[in-house]
Amino acid sequence: MSSDVMCDVREDRTFFIDGFDLDAFVAATLAEDLGDAGDITSIAVIPADARFTGVMDSRDAIVVAGLPIAEAFFRALDPEVRIERLVQDGDRVPAGTDLVRLEGSARAMLTAERSALNTVQHLSGIATLTRSYVDKILGTGAILLDTRKTIPGLRVLEKYATRMGGATNHRMGLWDAAMIKDNHVAVAGGVGEAVRRAKVAGIGRIIVEVDSVDQIEPALAAGATHLLLDNMDPPMLRGAVTLIGGRVPAEASGKVRLETIRAIAETGVTYISVGRLTQSAPAADIGLDFTAAR
């Protein structure tokens, strides 16, 4: 599995995810919202020297993700903003939990509010859904994987969020492993030939999608290092796992739901990949309430 997505929060102002430029993300996001004229409402209505205090809180039970990124929006517009982080990314918190307290320029806080909330709501939604799937398979030994079904431009962040929810990052992109699927097999003329071509190309990690047990032995004989068992029901998965016999990791994929994942995990598969972690997670209900500072 890929280890390219890492998080290091050493202090409030230091946040690192490999492959992610926080400053560039914040600048681009704010530029999209501000346009050429800026926050015309706050400029017109809020005095330049006004100060606000604010509390970001969860309205539902959630798994938190994205707080350091949300905070960066406020710091970008008010470098002197005071921020007290009350929980950490990866924490599971009940409804009504205060996440962050802020005090700073009222204009800056109002201008940054939507970008900050959009980010933490989206990432916490992913982390929360991910944790619900992880909870379902506890004790089975199966490992939950995410997929490449991410919003363009947000993959590194969304995969960070799945990690906060307890999943393991799978392929970060097309570059880090071969994934031989049915269209590749059709063009190559068979599973074995597709795998052979990948090996000739010098690819070390060769994942092969198989949708029938008849494809397992040809894939393994040719050198597959990982088998993705696609759209198989639990009885078929058990048979496939038995046939594979531990020679390579077995991954179940396709039509995995909260109500079915436990039965899938109990078949003995090594991994279960779930696209909906990033593709279909609802935003977490997180609010930010301001009051005028005294």
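Positions within a chain are numbered from 1, following the residues in the order the chain's sequence is written. Confidence filtering applies because this is a predicted model: local features only for residues at pLDDT of at least 70, side-chain atom pairs given and counted only at 80 or more, and all residues used for totals across whole chains, interfaces and linings. Just so you know, side-chain values use all the structure's heavy atoms and leave hydrogens and water out.

Q: Could you clarify how one ought to interpret the layout of surface pockets in this entry?
A: To find leftover empty space, a probe the size of one water molecule is rolled over the atoms. Cavities and pockets were defined on a 1 Å grid built from protein atoms only: a cavity is a group of points that admits a 1.4 Å probe but offers it no way out, a pocket is an open group of points flanked by protein on both sides within 12 Å along at least five of seven lines, and a lining residue is one with an atom within 4 Å of any such point. Grid points are joined across faces, edges and corners, and a volume is the space filled by probe spheres set on the points. Of the pockets and cavities examined, the largest pocket occupies roughly 540 Å³. If you go around the largest pocket, you meet 26 residues; those closest to its centre are Thr147, Lys149, Lys181, Ser253 and Ser273. Each helix is a run of H or I in the DSSP string that is no shorter than four residues. Each strand is a run of E no shorter than two, and both are numbered from the N terminus. Of all the secondary structure elements, the ones that give two or more residues to the lining of the largest pocket are strand E11 (226-230), strand E12 (250-253) and helix H11 (276-279). All amino acids are sorted into three groups, where Ala, Val, Leu, Ile, Met, Phe, Trp, Tyr, Cys and Pro are nonpolar, Asp, Glu, Lys and Arg are charged, and the leftover types, Gly among them, are polar. Class assignment for the residues of the lining of the largest pocket results in five nonpolar, ten polar and eleven charged. Taken as a whole, the second largest pocket spans an internal volume of roughly 250 Å³. Taken together, 13 residues line the second largest pocket, and the ones lying closest to its centre are Phe25, Thr29, Ser115, Asn118 and Thr119. Only helix H1 (22-34) and helix H4 (106-136) provide two or more residues apiece to the lining of the second largest pocket. Of the residues belonging to the lining of the second largest pocket, the class tally is five nonpolar, five polar and three charged.

Q: Explain the packing of H1 against helix H3 (residues 67-77) to me, please; I cannot follow it from the model alone.
A: The packing of two helices is summarised by the inter-axis angle and the distance between the axes. Taken N-terminus to C-terminus, the directions of H1 and H3 make an angle of 70°; their axes are 10 Å apart at the nearest point. Viewed along their axes, H1 and H3 adopt a mutual orientation that is roughly perpendicular. The two elements H1 and H3 meet at a crossing, and its hand is right-handed. Only Ile69, Ala72, Phe73, Ala76 and Leu77 of H3 make contact with H1, whose side of the interface consists of Leu22, Phe25, Val26, Thr29 and Leu30. For the contact of H1 with H3, the class distribution of residues is nine nonpolar, one polar and no charged. For helices, the fitted axis covers only the stretch in contact; all axes are lines through C-alpha atoms, and the angles between them, taken along N-to-C directions, range from 0 to 180 degrees. Oblique is the label for any angle not under 35 degrees, not over 145, and not in the 65 to 115 range, which are roughly parallel, roughly antiparallel and roughly perpendicular in turn. Helix crossings get a hand from a simple test, with the near helix turned counterclockwise from the far one by less than a right angle marking a left-handed crossing and a clockwise turn marking a right-handed one. It only takes one pair of heavy atoms within 4.5 Å for two residues to be counted as in contact.

Q: How should I be thinking about the nonpolar core in this particular structure?
A: The tendency in soluble globular proteins is for nonpolar side chains to be buried side by side. By convention a nonpolar core is built from buried Ala, Val, Leu, Ile, Met, Phe, Trp, Tyr and Cys residues, the set being connected through side-chain atoms within 4.5 Å. Burial here depends on accessible area, computed with a 1.4 Å probe over protein chains only, as a share of the maximum for the residue type. Under 20% is buried, over 50% is exposed, and the range in between is partly exposed. Counting 84 residues, the largest nonpolar core has Met56, Leu99, Val208, Leu227, Leu229 and Ile272 as its most contacted members. The biggest single contributor to this core is H4, with twelve residues. Apart from residues no more than four positions distant in its own chain, Leu227 is found in contact with Val208, Val210, Ile216, Ala219, Leu220, Ile244, Val248, Pro249, Ala250 and Glu251.

Q: In this structure, what is going on with the confidence of the model for the protein chain? I would like to understand it.
A: Keep in mind that low pLDDT regions are not for reading the predicted coordinates in detail. The pLDDT score gives, residue by residue, the confidence of the prediction method on a 0 to 100 scale. Per-chain confidence: the protein chain averages 94 in pLDDT, with 95% of residues scoring 70 or above. Of the regions scoring below 50 in pLDDT, residues 1-12 engages in 39 contacts with residues more than four places distant in sequence or in other chains.

Q: I tried to follow H3 on my own but got confused; where do I start?
A: The periodicity of an α-helix, 3.6 residues per turn, causes residues three or four positions apart to be oriented the same way. Within H3, nine of the eleven residues are buried, which leaves the element mostly enclosed by the surrounding structure. Inspection of H3 places Leu67, Pro68, Ile69, Ala70, Glu71, Ala72, Phe73, Phe74 and Arg75 among the buried residues, and these make up the whole buried set.

Q: It is not clear to me how the environment of Ile143 should be interpreted in this structure. Could you clarify?
A: Tracing the chain through its elements places Ile143 in strand E8 (residues 143-145). Residue Ile143 is classed as partly exposed on the basis of its relative accessible area, which comes to 34%. Put simply, Ile143 and Ala167 are 24 residues apart on the chain and 7.3 Å apart in space, counted from C-alpha to C-alpha. If sequence neighbours within four positions are ignored, Ile143 has contacts with Ile137, Thr168, Thr270, Tyr271 and Ile272.

Q: Is there a simple way to think about the environment of Leu220 in this case?
A: Structurally, Leu220 is set in helix H8 (residues 216-222). Those residues in contact with Leu220, other than ones at most four positions away along the chain, are Leu227, Arg247 and Val248.

Q: Sorry if this is basic, but what is going on with the sheet that holds E12 here?
A: Whenever strands of a sheet pair, they do so through backbone hydrogen bonds, lying parallel or antiparallel. Following DSSP output, two strands are said to pair if at least two bridges run between them. With parallel pairing, six strands are arranged side by side in an open sheet as E8-E13-E12-E11-E10-E9. Each edge of the open sheet is held by one strand with a lone partner, namely E8 and strand E9 (178-180). Across the sheet, the mean angle separating the axes of adjacent strands is 25° when strand polarity is ignored. As paired elements, E8 and strand E13 (residues 271-273) share three bridges and run parallel to each other.

Q: Even after reading the chapter, I still don't get the sheet that holds strand E3 (residues 51-58), so can you show me in this structure?
A: Spatially, the four strands line up as an open sheet ordered E5-E7-E3-E14, and their pairing is antiparallel. Across the chains shown, the open sheet's two edge strands, defined by having one partner strand only, are strand E5 (82-85) and strand E14 (286-292). Between one strand and the next, the sheet's axes are offset by a mean angle of 15°, whatever the strand orientation. Sitting on the sheet, H4 is in contact with E3, strand E7 (98-105) and E14, with an inclination near 165° to E14.

Q: What exactly am I supposed to notice about H1 here?
A: Each helix should span, by expectation, one fewer than its residue count multiplied by 1.5 Å. In a regular helix each residue adds 1.5 Å, so 13 residues correspond to 18 Å; H1 covers 18 Å between its end C-alpha atoms and thus fits that length. Every buried residue belonging to H1 is among Leu22, Phe25, Val26, Thr29 and Leu30, and all of these are buried. In a view along the axis of H1, the buried residues occupy a sector of 120°, so they form one face of it. When the buried face of H1 is taken as reference, the exposed residues oriented beyond 90 degrees from it are Asp23 and Glu32. Of all possible arcs, the one meant is that of the directions from the helix axis to the C-beta atoms.

Q: Explain the packing of H4 against helix H5 (residues 155-164) to me, please; I cannot follow it from the model alone.
A: Close contact between H4 and H5 brings their axes to 7 Å; oriented N to C, the two are set at 40°. Looking at the two axes, H4 sits oblique to H5. Judged by the twist between their axes, the crossing of H4 over H5 is right-handed. Contacts between H4 and H5 pair His122, Leu123, Ile126, Ala127, Thr130 and Arg131 from the former with Leu157, Glu158, Ala161, Thr162 and Met164 from the latter.

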